[in-house]
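Coordinate analysis (summary)
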Number of protein chains: 2
Amino acid sequence: MPLLGLLPRRAWAALLSQLLRPPCASCTGAVRCQSQVAEAVLTSQLKAHQEKPNFIIKIPKGTRDLSPQHMVVREKILDLVISCFKRHGAKGMDTPAFELKETLTEKYGEDSGLMYDLKDQGGELLSLRYDLTYPSSLTDLCEVPFARYLAMNKVKKMKRYHVGKVWRRESPSIVQGRYREFCQCDFDIAGQFDPMIPDAECLKIMCEILSGLQLGDFLIKVNDRRIVDGMFAACGVPESKFRAICSSIDKLDKMAWKDVRHEMVAKKGLAPEVADRIGDYVQCHGGVSLVEQMFQDPRLSQNKQALEGLEDLKLLFEYLNLFGIAEKISFDLSLARGLDYYTGVIYEAVLLQTPTQAGEEPLNVGSVAAGGRYDGLVGMFDPKGHKVPCVGLSIGVERIFYIVEQRMKTKGEKVRTTETQVFVATPQKNFLQERLKLITELWDAGIKAEMLYKNNPKLLTQLHYCESTGIPLVVIIGEQELKEGIIKIRSVASREEVAIKRENLVAEIQKRLSES
Amino acid sequence: MPLLGLLPRRAWAALLSQLLRPPCASCTGAVRCQSQVAEAVLTSQLKAHQEKPNFIIKIPKGTRDLSPQHMVVREKILDLVISCFKRHGAKGMDTPAFELKETLTEKYGEDSGLMYDLKDQGGELLSLRYDLTYPSSLTDLCEVPFARYLAMNKVKKMKRYHVGKVWRRESPSIVQGRYREFCQCDFDIAGQFDPMIPDAECLKIMCEILSGLQLGDFLIKVNDRRIVDGMFAACGVPESKFRAICSSIDKLDKMAWKDVRHEMVAKKGLAPEVADRIGDYVQCHGGVSLVEQMFQDPRLSQNKQALEGLEDLKLLFEYLNLFGIAEKISFDLSLARGLDYYTGVIYEAVLLQTPTQAGEEPLNVGSVAAGGRYDGLVGMFDPKGHKVPCVGLSIGVERIFYIVEQRMKTKGEKVRTTETQVFVATPQKNFLQERLKLITELWDAGIKAEMLYKNNPKLLTQLHYCESTGIPLVVIIGEQELKEGIIKIRSVASREEVAIKRENLVAEIQKRLSES
């Protein structure tokens, strides 16, 4: 514990403000005159602190440490995702973990209760970056920071990806693999371009990633915000109810139509016949043929907005064909993505059969990727309201991590948490020096190598370490080898040993590693 | 803006507590009875919000966005660092961005004023992870979270690295490239092992990384906490002054001895003759010979602690020789690392000549890596006080990013912010379809490819895009090519074009990319 005398005033304030809870600012004032009081209160608290009989260590509610096992799975998955983004010419970027609360509330409004605010320690009001959509659905982490970035730097064109942590104060449902701190993974294309080309690329990227991850068969539902609104209008939903009805429709992936209908009519006061008209639409899904069909629809075809949406979807499907992914895409009128800021095409990827192997509990993971076009968001952050059209997607990496981890668990797959290729061992005592010389050669040649930090380890202990950690090769040096200027290379799997010239060590190891 | 009616109670509380600032808890209470008041206040505030004439967008003080240019530099450097950690058999891990404030204050004491606390939104008191040492010196990000992790999970042995963001509320000195949010990069070895073997490996790792990064010549100062304390005792420093004197000594890399001496005598009340005795020591540095010399030192040799430290340093140098890095290491009695928690060897790497090229301003970057042995820290987090010996290091990546960026700036080096290998172009109108087919082939073959999102871009615009973004290859398709079933491949650098069979496209591209 620090000497109290050394405590700078600010620290006093910070500590004080914890004890008695007025705003920090007034504390700082208080401190000047009250440091005796402070010292008294504080000392007692610090004492209590030191003496507390059983100091329980834990981590914050809804968070977790990521073990090496977790990290290996994440690294694999993120590498695949990021290399896909790069394959499509995206640049990386990052933004601070927190933003001015103003910047965030500018957009989040009613969700802001779920935002982690930083304590007012004098200065700006800050909150940890949070994302846009509702807890139950997938989100685009970086849209607010990204929109803020574009507006602030007057960037009119950018294809970028962003992988980072975000934080949400929802009650964590650990079983679903959802936490208060989680990783998000976004790709967005900002700029004024010819219609639907970037939109189609976003869907192509989703397909490449989901196929690459081998999560099983998947489908991407597509709709257009203008078709949703047009449909509501055409069915006679009063405009004031659009948003409420939208969020009911959103529940169709979890609830049956009749329950959604009941919610709309009973809870949200929608006329039954209006609800039924909606029902006729939201139960439709199909390919480009459904788009054609909707052009002929007596109601929709009367709605300008809806027609624009349909025109775009038609063009989209043409591009999806050329990308060879049309059969993965389903025009689905029940897809609403209850978000204000979407202005055009919207999409959401779902796994078709949750990857349930024998003995594995079925996972309800919801959608694993989603996104859409949001042409208005950047304008909200631009003082002059200059718009920058954007379309993007977010990969639900946390859900994907969860699926993959569950699978490995049931399959009993073990992951290697290190990448060590060679272990340096000796059967004799007093060979630490030789081992250190050997391992230096390996490290300096860029070979991943380990040895035990003991002067005289038992050979069995050393070999056992290799087996338990999955190190494929062992190089062994002992008196015999030293005398003859050789090294034994042992394959841990086959237990075969061969003797090679000492000077060929690195070359020989590299040869074997390249072969395996 | 959300319909007020929709605001959930918690949101009310959150918003309310911002307007009138009592603790959030009492708000939640207040809300129940006072929602009219709330609504009134709130609406007015929201109005103000919407109407504010010029809403200025900025990011929090002391933070910054990382542009694609920044990200490229970081990725390169972090890849090199992490691959070195992996080469030495380290596992990755991560911990939450925030910890219980209690967990952090347990260690930080007087620094806690620089900690970012989260607002009390009902629940636990949290703070963003912060690191241990003083703003001016290098730090080991993960020691508290790491120690907490080991104690919590009863892990007795672990070699791990951790790369992540940390946050500190110090007044940012942007010029020095220091921010309130920054990345740290740690490697630690926890466990009971034979003396100095892991310690020596930490120094080996530092050397590999600093040589690999080619920052110019460097030196690693080494000392031992027990030698520092022994030296103080031997010189007659009263134990109550150890820590204060320690932090004076720490300043010797920035201040002249006479100034440090003055601080110790005038400010910290050390007897002049004691200060002079210290002076004799702290001006010594050298290799293993200096260690030998100190064994003979009349004062130090009387001090048990100091002798233990010297014994260990002697052994350390033996291992450093075998690792072939002894000449990079300097036993330096002025190295104190003013940290309570170090218990044995301590070290700090400094660049010898700051990489000043012609016209480049000299950079005062301080140390670029540091660490040491801390055998007591984990015990602090263990209810029963079980100790786990640890030794580790932290790479000052932010400073390294800064150095590299400054260098590139003065050299006028341009970084590619994308990795695109091939651009798909056409000289004719109405070739969007063909371009989409072509680029799909490339993407599906794992080739990084781009095209312009326009129906009919000009050829010059397309070629200019390649030159400005550094894309090396262009594949061109037009009527001619389509008719003859060929594709033109153009090298952007040499502007040479060759025609190849359409069906050989992918193979040909891959061949060229593997050659380049």
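Residues numbered from 1 in each chain as written. Chains lettered and ligands numbered in written order. Predicted model: local features only at pLDDT ≥ 70, side-chain atom pairs only at ≥ 80, totals over all residues. Heavy atoms only, no water.

As recorded by an unreviewed UniProt entry, chain A carries the name histidine--tRNA ligase and is attributed to Macaca mulatta. Per its UniProt entry, chain A bears the Sequence similarities (unreviewed entry) comment "Belongs to the class-II aminoacyl-tRNA synthetase family." (UniProt positions renumbered as here; feature names shortened; annotations may be inferred.)

1. What to know about the overall build of chain A
Helix and strand counts for chain A come out as 18 helices and 16 strands. Taking contacts inside chain A between residues at least 6 apart in sequence as the whole, the part at least 24 apart equals 68%. On chain A, roughly 20,800 Å² of surface is accessible, and the fraction owed to carbon and sulfur atoms is 54%. (Helix = DSSP H or I, 4+ residues; strand = E, 2+ residues; numbered from the N terminus. Contact = heavy atoms within 4.5 Å. Areas by Shrake-Rupley, 256 points an atom, 1.4 Å probe, with all protein chains shown as cover.)

2. A few points about the interface of chain A and chain B
Contacts between the two partners involve 115 residues from chain A, matched on the other side by 116 residues from chain B. Both sides of the chain A and chain B interface together cover about 10,200 Å² of buried area, and 59% of this is carbon and sulfur. Where Asp-444 of chain A meets Lys-204 of chain B, a salt bridge forms, and the shortest distance between an N and an O atom there is 2.6 Å. The leading source of residues in the side of chain A that touches chain B is helix H15 (residues 432–444) of chain A, at eight residues. Each residue belonging to the side of chain A that touches chain B can be placed in one class, and the counts come to 53 nonpolar, 23 polar and 39 charged. (Buried area = accessible area lost by both parts, 1.4 Å probe. Salt bridge = Lys/Arg side-chain N within 4 Å of Asp/Glu carboxyl O. Nonpolar A, V, L, I, M, F, W, Y, C, P; charged D, E, K, R; others polar.)

3. Focus: the sheet that holds strand E11 (residues 390–395) of chain B
The strands making up a sheet associate through hydrogen bonds between their backbones, and the pairing can be parallel or antiparallel. Residue and element names in this part refer to chain B. What the nine strands build is an open sheet, ordered E1-E4-E5-E11-E10-E9-E6-E8-E7; its pairing is mixed. At either end of the open sheet lies a strand with only one pairing partner, and these are strand E1 (91–92) and strand E7 (285–286). Across seven bridges, the pairing between strand E6 (residues 218–224) and strand E9 (residues 345–351) is antiparallel. Note on E9: the bridge partner recorded for Asn-223 is Ile-346. Packing of helix H14 (residues 397–411) onto the sheet brings it into contact with strand E5 (181–190), E9, strand E10 (367–373) and E11, and relative to E5 it is tilted by some 125 degrees. (Pairing = 2+ DSSP bridges. Axes fitted to C-alpha atoms, helices over the stretch in contact; angles between N-to-C directions.)

4. Quick word on the pairing of strand E12 (residues 422–425) of chain A
Residue and element names in this part refer to chain A. Across the two faces of E12 the burial is the same, with Val-422 and Val-424 and Phe-423 and Ala-425 all buried. Note that E12 and strand E13 (residues 449–450) share two bridges and pair parallel. When the sheet's bridge partners are listed, Val-422 is paired in E13 with Ala-449. As for the winding sense of the linkage, the β-α-β connection from E12 through H15 to E13 is right-handed. Looking at chain direction, E12 and strand E14 (residues 473–476) are connected through four bridges and run parallel. Following the sheet pairing, Phe-423 is matched in E14 by Val-474. (Buried < 20%, exposed > 50% of the residue type's maximum accessible area, 1.4 Å probe, protein only. Right-handed = clockwise from strand over helix to strand, strands pointing away.)

5. Here we look at the relation of the copies chain A and chain B
When chain A is fitted to chain B, the residual RMSD is 0.0 Å, and the transformation amounts to a turn of 180 degrees plus an axial shift of 0.0 Å. Such values leave the two copies arranged in the relation of a two-fold axis. Looking at the interface residues of chain A, 100% of them are also at the interface in chain B, so both copies use one shared face. (Least-squares fit on C-alpha atoms with pLDDT ≥ 70 in both.)

6. Section: the sheet that holds strand E14 (residues 473–476) of chain B
All names here are of chain B. As summarised here, the arrangement of the five strands in space is E13-E12-E14-E15-E16, forming an open sheet in which the pairing is mixed. Edge positions in the sheet fall to strand E13 (449–450) and strand E16 (497–501), since each has one partner strand and no second. Contacting strand E12 (422–425), E13, E14 and strand E15 (486–491), helix H16 (residues 459–469) runs over the sheet at an angle of about 175 degrees to E12. Along the sheet face, helix H18 (residues 505–515) touches E12, E14, E15 and E16 and points at about 165 degrees away from the line of E14.

7. Details of a positive patch on the surface
Residues Lys-157 of chain A together with Lys-429, Lys-454 and Lys-458 of chain B make up a contiguous surface patch of positive charge. Following the sequence through the fold, Lys-429 of chain B ends up in the loop between E12 and helix H15 (432–444). Its relative accessible area of 60% is what places Lys-429 of chain B among the exposed residues. (Patch = residues over 30% accessible without salt bridge, like charges linked within 9 Å, V, L, I, M, F, W, Y side chains within 5 Å. Lys, Arg positive; Asp, Glu negative; His and termini not counted. Charge placed at Lys NZ, Arg CZ, Asp CG, Glu CD.)

8. Description of the pairing of E5 of chain B
Residues and elements named next belong to chain B. For E5, a buried count of ten out of ten residues is recorded, marking the element as mostly surrounded by other parts of the structure. Residues of E5 alternate between two faces, with Glu-181, Cys-183, Cys-185, Phe-187 and Ile-189 on one and Phe-182, Gln-184, Asp-186, Asp-188 and Ala-190 on the opposite face, all of them buried. Summarising the sheet, strand E4 (residues 158–167) and E5 pair through ten bridges and their orientation is antiparallel. What sits directly across from Val-163, in E5, is Cys-185. In the sheet, E5 pairs with E11 via six bridges, with the strands oriented antiparallel. Bridging across to E11, Phe-187 finds its partner in Leu-393.

9. Things to note about helix H12 (residues 304–322) of chain A
What sets the pattern is the α-helix's 3.6 residues per turn: residues three or four places apart point alike. An ideal rise of 1.5 Å per residue puts 27 Å on 19 residues; H12 of chain A measures up with 28 Å between its terminal C-alpha atoms. Turning to H12 of chain A, its buried residues are Ala-306, Gly-309, Leu-310, Asp-312, Leu-313, Leu-316, Phe-317, Tyr-319, Leu-320 and Leu-322 of chain A. (Expected span 1.5 Å × (residues − 1).)

10. So, the UniProt feature "binding site: L-histidine" (unreviewed entry) in chain A
Residues and elements named next belong to chain A. Taken from the UniProt record, the annotation "binding site: L-histidine" (unreviewed entry) applies to Asp-131, Leu-132, Thr-133, Arg-168, Gln-184, Asp-188, Arg-337, Tyr-341 and Tyr-342. Structurally, the position occupied by Gln-184 is in strand E5 (residues 181–190). By relative accessible area, which is 5% here, Gln-184 ends up buried. Within the secondary structure layout, Tyr-341 lies in the loop between strand E8 (329–332) and strand E9 (345–351). Tyr-341 gets classed as buried once you look at its relative accessible area, which sits at 6%.

11. Side note on the domain arrangement of chain A
In terms of domains, chain A is made up of domain 1 (68–353 + 364–411) and domain 2 (422–515). Using C-alpha coordinates to define each centre, domain 1 of chain A is positioned 52 Å away from domain 2 of chain A. (Domains from an automatic or database assignment.)

12. Overview of the side chain of Thr-63 of chain A
Within the fold, Thr-63 of chain A resides in the loop between helix H2 (24–51) and helix H3 (68–87). Using a relative accessible area of 9% as the deciding quantity, one classes Thr-63 of chain A as buried. A polar contact of 2.6 Å, which involves the side chain of Thr-63 of chain A, links it to the backbone oxygen of Pro-60 of chain A. Those residues within four positions of Thr-63 of chain A in sequence are excluded, and the remaining contacts are Tyr-179 and Glu-181 of chain A together with Pro-96 and Phe-98 of chain B. (Polar contact = N/O pair within 3.5 Å; in protein donor to acceptor, adjacent residues only side chain to side chain.)

13. A closer look at unusual backbone geometry
All names here are of chain A. Residue Met-196 is not a glycine yet carries a positive backbone phi of 70 degrees. In this structure, Met-196 sits in the loop between E5 and helix H6 (197–213). Its relative accessible area of 4% is what places Met-196 among the buried residues. The backbone of Asn-430 sits at a positive phi, close to 60 degrees, despite the residue not being glycine. Checked against the element boundaries, Asn-430 lands in the loop between E12 and H15.

14. Observations regarding the confidence of the model for chain A
Residues shown with low pLDDT carry predicted positions that ought not to be read at fine detail. All names here are of chain A. For chain A, per-residue confidence averages 83 on the pLDDT scale, and residues scoring 70 or more make up 81% of the total. When the criterion is pLDDT under 50, residues 132–142 qualifies, and its contacts beyond four places in sequence or with other chains add up to 61 contacts. Per the prediction output, this complex has pTM 0.85; the corresponding ipTM is 0.85. (pLDDT = per-residue confidence, 0-100.)

15. Here's the deal with the pattern of salt bridges
Residue and element names in this part refer to chain A. Evaluated as defined, the whole model comprises 82 salt bridges over all chains. Here Arg-261 ties to Asp-276 by a salt bridge, and the two come within 2.5 Å at their closest N and O atoms. Taken together, the residues span a long stretch of sequence, with Arg-261 in helix H9 (residues 257–267) and Asp-276 in helix H10 (residues 272–282) at a distance of 15 residues. Looking at Asp-276, the relative accessible area reads 34%, which means it is partly exposed. Here Lys-411 makes a salt bridge to Glu-413, at a shortest N to O gap of 3.9 Å. What makes Lys-411 partly exposed here is its relative accessible area of 49%.

16. Points about the packing of H6 of chain A against H12 of chain A
Residue and element names in this part refer to chain A. Between H6 and H12, the shortest axis-to-axis distance is 9 Å and the interhelical angle comes to 50 degrees. In terms of axis orientation, H6 runs oblique to H12. Like other packed secondary-structure pairs, H6 and H12 cross with a definite hand, here right-handed. Residues Ile-197, Asp-199, Ala-200 and Leu-203 of H6 pack against Leu-316, Tyr-319 and Leu-320 of H12. Of the residues in the contact of H6 with H12, the class split is six nonpolar, no polar and one charged. (Parallel < 35°, antiparallel > 145°, perpendicular 65-115°, else oblique. Left-handed = near helix turned anticlockwise from the far one by under 90°.)

17. A closer look at the packing of helix H11 (residues 288–295) of chain A against H12 of chain A
Residues and elements named next belong to chain A. It is at 10 Å that the axes of H11 and H12 come closest, and there the two elements cross at 155 degrees. When the axes of H11 and H12 are compared, the pair comes out roughly antiparallel. In terms of crossing hand, the pair formed by H11 and H12 is left-handed. Contacts between H11 and H12 pair Val-288, Val-291, Glu-292, Met-294 and Phe-295 from the former with Leu-307, Leu-310, Glu-311, Leu-313, Lys-314 and Phe-317 from the latter.

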